[in-house]
Amino acid sequence: MPTTPLLPLPEGLEILAVSQAEQELQIRVISPRQVALCPRCGASSKAIHSYYRRKPLELPSTGQSVRLELVVKKFFCRETSCSQKIFAERLPGFLEPGSRVTTRLRVIVTSIAGALNAKGGARLGRHLGISLSRMTYLRSLLGISLPPVSQVKQVGIDDFAWKRGRAYGTVVVDLATHAIIDLLPDREAATVQRWF
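Residues numbered from 1 in each chain as written. Predicted model: local features only at pLDDT ≥ 70, side-chain atom pairs only at ≥ 80, totals over all residues. Heavy atoms only, no water.

1. Examining the confidence of the model for the protein
Link 1 in the chain: Overall, the predicted model of the protein reaches an average pLDDT of 87, with 96% of residues at or above 70.
Link 2 in the chain: Per-element confidence in the protein ranges from a low mean pLDDT of 83 for strand β11 (residues 179-184) to a high of 93 for strand β5 (residues 48-54). (pLDDT = per-residue confidence, 0-100. Helix = DSSP H or I, 4+ residues; strand = E, 2+ residues; numbered from the N terminus.)

2. Here's the deal with a positive patch on the surface
Link 1 in the chain: Side chains of Lys119, Arg123, Arg126, Arg134, Lys163, Arg164 and Arg166 sit close together on the surface and give a patch of like positive charge.
Link 2 in the chain: With 3 residues, the single largest contributor to the positive patch is helix α2 (residues 118-128).
Link 3 in the chain: The residue Arg164 is located in the loop between β9 (155-163) and β10 (167-174) in this model.
Link 4 in the chain: Since its relative accessible area comes to 61%, Arg164 is described here as exposed. (Patch = residues over 30% accessible without salt bridge, like charges linked within 9 Å, V, L, I, M, F, W, Y side chains within 5 Å. Areas by Shrake-Rupley, 256 points an atom, 1.4 Å probe, with all protein chains shown as cover. Salt bridge = Lys/Arg side-chain N within 4 Å of Asp/Glu carboxyl O. Lys, Arg positive; Asp, Glu negative; His and termini not counted. Charge placed at Lys NZ, Arg CZ, Asp CG, Glu CD. Buried < 20%, exposed > 50% of the residue type's maximum accessible area, 1.4 Å probe, protein only.)

3. Some remarks on the packing of aromatic side chains
Note on aromatic pairs: each is described by the distance of the centres and the angle between the planes.
Link 1 in the chain: Throughout the structure, instances matching the rule amount to 2 aromatic pairs.
Link 2 in the chain: Where Trp195 meets Phe196, the ring centres are 5.1 Å apart and the plane angle is 80°; that geometry is what we call edge-to-face.
Link 3 in the chain: The ring of Tyr52 carries the charged tip of Lys74 above its face, separated from the ring centre by 5.3 Å. (Phe/Tyr/Trp six-rings, centres within 6.5 Å; stacked < 30°, edge-to-face > 60°. Lys NZ or Arg CZ within 6 Å of the ring centre and 35° of its normal.)

4. Focus: the pattern of salt bridges
Link 1 in the chain: Tallied over the entire structure, the rule returns 6 salt bridges.
Link 2 in the chain: For Arg28, the salt bridge identified is with Glu69, shortest N-O distance 3.5 Å. Pair noted here: Arg28 is in strand β2 (residues 24-30) and Glu69 is in strand β7 (residues 64-76), with a separation of 41 residues, a long-range link.
Link 3 in the chain: Residue Asp159 pairs with Arg187 through a salt bridge whose shortest N-O separation is 2.7 Å. Of this pair, Asp159 sits in strand β9 while Arg187 sits in the loop between β11 and α4 (189-195), and the two are 28 residues apart along the sequence.
Link 4 in the chain: By sharing partners, the salt bridges in this structure join Arg28, Arg53 and Glu69 into a single network.

5. Some details on a nonpolar patch on the surface
Link 1 in the chain: Together, Leu116, Leu124 and Leu128 make up an exposed nonpolar region whose accessible area comes to about 240 Å².
Link 2 in the chain: With respect to the element layout, Leu128 can be found in helix α2.
Link 3 in the chain: In this structure Leu128 comes out as partly exposed when scored by relative accessible area, which is 40%.

6. Looking at the state of the cysteines
Working definition: the covalent bond between the sulfur atoms of two cysteines is a disulfide.
Link 1 in the chain: In this structure the tally under the stated criterion is 0 disulfides.
Link 2 in the chain: Cys77 takes part in no disulfide bond, and the closest cysteine sulfur to it belongs to Cys41, at a distance of 3.7 Å.
Link 3 in the chain: A relative accessible area of 8% means that Cys77 is categorised as buried.
Link 4 in the chain: Looking at the unpaired Cys82, the closest cysteine sulfur is the one in Cys41, lying at 3.8 Å. (Disulfide = S-S within 2.5 Å.)

Here you go:
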């Protein structure tokens, strides 16, 4: 079955089946492409090495979590000068390598975490059908690409808890615009000094 307006998928992905599980909708998706480009050298390959499954979360539907069961391929890179011998099929703009959520869901989670906080975001997410931990909301803020810093006259520095009582970080804020300039991995003075 091709993609539907209710679940628009990138070109080249097809829906095989939709089923109702205990707490979520499961949608089996396959990529029928027979050719892929090596991410290292850019050479195209038709030599399929194997298949594997990824199970990322997608945007919720009717208040239920949606999990994709995505069947993708691994290919051989036949370019002799390339150091990458085997590579996985890429789905840019839809699912990043190693990600457990689709790009669309990542944008929503990051927006919720930026507007609220990790704990409040996780609570709101449960009501919306996004069943992720508060740590996932907090980690999503690390993926934000911050604009380049121009001339800043005044900065504010504060610490925050990655994990309350165990791990702390430092937030650097432009006091004129109240915009976050950077998030530092710890709250040590040496880290802040290196940043300056």
